[in-house]
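The chain contents come next:
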Amino acid sequence: MIGEAGAAFAVTNNYDKTSLLLSPGVGYATKVIDFSLRYEYLKDFIDESGDEGIGQVVARVAYAFEL
């Protein structure tokens, strides 16, 4: 179980708010591969329908190799 909290900010000219970012997730990692699934929620951003708060599910697969 992993979790992150931080701040997110928009990079458009029409929106200049900063939002609390919450991101709980689960994952599995070895020396070579990393899988994780998390949910990100931005409390103060507004989606296209006008509702406050934007959420998204993020899947990650990473492969490590030596340089």
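The notes below deal with the structure included here. (Residues numbered from 1 in each chain as written. Predicted model: local features only at pLDDT ≥ 70, side-chain atom pairs only at ≥ 80, totals over all residues. Heavy atoms only, no water.)

**Things to note about the pattern of salt bridges**
Oppositely charged side chains can form a pair if their charged atoms are brought close together. The final tally for this structure, using the stated rule, is two salt bridges. The shortest N-O distance in the salt bridge between Asp34 and Arg60 comes to 3.8 Å. In this pair, Asp34 is assigned in strand 3 (residues 33-46) and Arg60 in strand 4 (residues 52-63), connecting sequence segments 26 residues apart. In this structure Asp34 comes out as partly exposed when scored by relative accessible area, which is 23%. With relative accessibility at 44%, the residue Arg60 sits in the partly exposed group. (Salt bridge = Lys/Arg side-chain N within 4 Å of Asp/Glu carboxyl O. Helix = DSSP H or I, 4+ residues; strand = E, 2+ residues; numbered from the N terminus. Buried < 20%, exposed > 50% of the residue type's maximum accessible area, 1.4 Å probe, protein only.)

**Some words on the environment of Gln56**
Within the secondary structure, Gln56 is located in strand 4. In the structure, Gln56 is positioned 15 residues away from Tyr41 in sequence and 6.7 Å away in space, judged by C-alpha atoms. If sequence neighbours within four positions are ignored, Gln56 has contacts with Arg38, Tyr39 and Glu40. A polar side-chain atom of Gln56 sits 2.7 Å from a polar atom in the side chain of Glu40. (Contact = heavy atoms within 4.5 Å. Polar contact = N/O pair within 3.5 Å; in protein donor to acceptor, adjacent residues only side chain to side chain.)

**Some details on the side chain of Ser23**
As for its position among the elements, Ser23 is in strand 2 (residues 18-29). On the basis of relative accessible area, Ser23 is assigned to the buried category, the value being 3%. Only 3.5 Å separates the side chain of Ser23 from the side chain of Arg38, close enough to count as a polar contact. Ignoring any residue separated from it by four or fewer positions in sequence, one finds Ser23 in contact with Ile2, Gly3, Glu4, Arg38, Tyr39 and Glu40.

**Overview of the side chain of Glu40**
One can find Glu40 in strand 3. Assessed through its relative accessible area of 13%, Glu40 is described here as buried. Reaching out from Glu40, the side chain makes a polar contact with the side chain of Arg38 at a distance of 2.9 Å. Sequence-distant contacts of Glu40, that is, excluding residues within four places in its chain, are made with Leu21, Leu22, Ser23, Ile54, Gly55, Gln56 and Val58.

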